[in-house]
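Here's the letter readout for the chains.
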Amino acid sequence: MDIAVCIKRVPLSPGRWTLTADGTEIDTSSSAMGWTLSPHEECATEAAVQLKETDGGTVTAFTLGTPESSEQIRELMAVGVDRGVLLETDGAEWDAQATAAALAEAIRADETDFSAVILGTESADVSGYQVGVRLAHALGWPIVTNVKGLSVSNGVARCERVVGSEREVYEVSLPAVIAVKDGVNIPRYPSVPGRIKARKKPIDTANPTRSDPRVEKVSLALPPQEAGTAEIIGNGPDAAPRVVEILKEIGVLA
Amino acid sequence: MILVYVDHDRGTLDELSLQAITAARGLDSDVQAVMVGADAVALAPRLGEFGVGTVHVAVDPRITDYTPMACGRALASVAQQFHPAAVLAVGSPRGNEVLAHAAAILDEPFAAECTEISLGGDVATVTRNRWAGNVLETARVHASMLIASVTAHAFAAESIPGAAPAAVVEFSPELTEADLAVRVIDRVGSGGGGVSLAEAKVVVSGGRGVGEGGFGPLEELAELLGGTVGCSRVVTSAGWRPHAEQVGQTGTKVAPELYFAIGISGATQHIAGCKNAKTMIAINTDPEATIMSYADYAIVGDAGQIMPAIVDAVRAAKG
């Protein structure tokens, strides 16, 4: 079964956030900052590679981003992705509608007849919660989002998502879009032979045209620092009686 | 008019959805709601308490449990009929999913996880969460009908004393087989049982500092306080605890009365999931740990020694 995964290059989430001087971007100039993928997308790729290992087939990674996004495709090639498709941008941000439309067009136009598209439920950076759903509508395929458990047999994907203390079960016939959450699996680390093989795998590029965003970023800001300082109520087990007092004060203990 | 999608689970109202009604009332006094499924009919009048005038309930014998695309279709059809100034829902997994379907069907933009909304004809301005709330984006949304979710706990559910029950209008949306193809067909227990993480009043969370074998006293304390156990991403990644217990950006976001952060350093991804707790008690060997600046109270020391003492003290206090 041939699977497409959709991924996005994002800044590594830092311990301390800073913005560019004009307040429109995360400041990535610091040498400490690197680039990575959303955790959900590492899991999406792992899910696709696991299905390839059981059922055969290929995994193709699609991404819309700057030419540097090929670094993220290479990382995924080291863990089993066979081919990349880079929809190249000049770095200007695309909104979710335009992103989904470009991905749908590239997936439809591809020579491979995909059985599934696996991606993250939302991106780590913009967190728009919609590219997968829009992609599914554009392809005319069903979609399950927030997937935390996935298995495929006889052309049917069984998906689980966590609601409260239960797991909801969905079954969809392929082809389908599966939007996963971090935790659906534990992504493997790349091996040295994997990294060597990755260098030789093909990346195709295309240059879709950007349309004006309908959700248009004006500026970014860091939220007011809510953090203060905790009252230290003790060192070690001797603090236990004070904990009981606090539990009574806030009403969780009668 | 503002239209709000209100979720329920097999006849149990989603309390978080009430927060979206508060957000809607801030934009217009005429607030109407959409609910989906026959078992919503009995719940719908109660929305009047929160300021909803009319609830449009989509009824179809084929919808017996959550069916995301059909919910999106039903919401889109009401939006097309009444042209509200905005269509809102709470930014829960289901709320975001249903709005994304409706937005895709209507080919309109969708701004997820908003904390502030102001309408303005053909361009609305929103403040929304990026990076799970670590970065706030101000965005212009170019649409005559704004579709937006409000991030959980950005607004409080507010009832109106003496408000009349909402009027209920049942309708049958036009649904195709494709709209019904994705639906909950079964439920399986997580093994966690008991109180759900998202709704628990007390969450006792453990991180790397608790250690693989150290969760016993956390479970005991959760049990004594009628709460539940949570954990950090490190813990689920290591396979110590099930993913259903993960608190954070990629796990569950919680807002309990009391949150214990035990052996958790306070990565931004974890803080994003627990910062709405009313009271936070941190236990950590490192007094400089990030979590200490978010907690109300802190105990410095080893969780392995402190937790059994707290369990004993709480058990004694309960008598």
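Small disclaimer: the values here were computed from a predicted structure and weren't measured.

(A) Spotlight on the interface of chain A and chain B. On the chain B side, the residues contacting the 81 residues of chain A number 84 residues. Between chain A and chain B, roughly 6900 Å² of surface is buried when both sides are summed, and carbon and sulfur atoms account for 59% of that area. Linking chain A with chain B are seven salt bridges. Counting residues per element, the side of chain A that touches chain B draws most heavily on helix H6 (residues 240–249) of chain A, at eight residues. Within the side of chain A that touches chain B, the residues separate by chemical class into 40 nonpolar, 20 polar and 21 charged. Pairing analysis gives four bridges linking strand S14 (residues 231–235) of chain A to strand S17 (residues 297–300) of chain B, with the strands arranged parallel. Residue pairing across strands places Ile232 of chain A opposite Ala298 of chain B, the latter belonging to S17 of chain B.

(B) How the structure looks around the nonpolar core. Counting 90 residues, the largest nonpolar core has Phe62, Val117, Ile118, Leu135 and Ile178 of chain A together with Leu75 of chain B as the members making the most contacts within it. The leading source of residues in this core is helix H2 (residues 68–82) of chain B, at seven residues. Beyond its immediate sequence surroundings of up to four residues, Val117 of chain A is in contact with Ala4, Cys6, Ile107, Leu135, Leu139, Trp141, Ala176, Val177 and Ile178 of chain A.

(C) Examining helix H5 (residues 216–224) of chain B more closely. Among the residues of H5 of chain B, those classed as buried are Pro217, Leu218, Leu221, Ala222 and Leu224 of chain B. What you see down the axis of H5 of chain B is that its buried residues fit within an arc of 165 degrees, all on one side.

(D) Up close: the pattern of salt bridges. In the structure shown here, the tally under the stated rule is 37 salt bridges over all chains. Between Arg94 of chain B and Asp7 of chain B there is a salt bridge, with the nearest N and O atoms lying 3.3 Å from each other. Note that Arg94 of chain B is positioned in helix H3 (residues 93–106) and Asp7 of chain B in the loop between strand S1 (2–5) and strand S2 (8–9), a separation of 87 residues in sequence. Just as Arg94 of chain B is buried, Asp7 of chain B falls in that class too. The shortest N-O distance in the salt bridge between Arg46 of chain B and Glu49 of chain B comes to 3.9 Å. Judged by its relative accessible area of 35%, Arg46 of chain B falls in the partly exposed class. Put simply, Arg161 and Glu168 of chain A together with Asp7, Asp9, Arg10, Asp65, Arg94, Glu97 and Arg187 of chain B are held in one network by salt bridges that share partners.

(E) Structural view of the pairing of strand S10 (residues 146–150) of chain B. Residues and elements named next belong to chain B. Burial of S10 is extensive: five of the five residues sit out of reach of the surface. Every second residue of S10 is oriented toward a common face, with Leu146, Ala148 and Val150 on one face and Ile147 and Ser149 on the other, all of them buried. In terms of strand pairing, strand S6 (residues 86–90) meets S10 through five bridges, oriented parallel. The residue of S10 that forms the bridge with Ala86 is Leu146. In terms of strand pairing, strand S7 (residues 111–118) meets S10 through two bridges, oriented parallel. Note on S10: the bridge partner recorded for Ala111 is Ala148.

Basis of the calculations
Within each chain, residues carry numbers counting from 1 in the order of the written sequence. Going through the entries in the order they are written, you letter the chains from A and number the ligands from 1. Since the coordinates come from a predicted model, pLDDT governs what is reported: local features require at least 70, and pairs of side-chain atoms require 80 or more to be given and counted, while whole-chain, interface and lining totals use all residues. Neither water nor hydrogens contribute to the side-chain values; these are computed over all heavy atoms in the structure. Note on definitions: a residue-residue contact is assigned when non-hydrogen atoms from the two residues lie within 4.5 Å. Here the quantity called buried area is the total loss of accessible area, with a 1.4 Å probe, experienced by two parts when brought into contact, counted for both. Should a side-chain nitrogen of Lys or Arg be within 4 Å of a carboxyl oxygen of Asp or Glu, the pair is scored as a salt bridge. Each helix corresponds to a stretch of at least 4 residues labelled H or I by DSSP, and each strand to a stretch of at least 2 residues labelled E; elements are numbered beginning at the N terminus. Classes in brief: Ala, Val, Leu, Ile, Met, Phe, Trp, Tyr, Cys and Pro nonpolar; Asp, Glu, Lys and Arg charged; the others, Gly included, polar. The criterion for strand pairing is that DSSP finds at least two bridges linking the strands in question. Nonpolar cores were defined as sets of buried Ala, Val, Leu, Ile, Met, Phe, Trp, Tyr and Cys residues, with membership established by side-chain atoms within 4.5 Å. Think of it in three bands: residues with accessible area under 20% of the maximum for their type are buried, residues over 50% are exposed, and the middle band is partly exposed, with areas taken using a 1.4 Å probe on protein chains only. Relevant arc is that of directions from the helix axis to the C-beta atoms, nothing else.

By themselves, these figures tell us nothing about what the structure is for.
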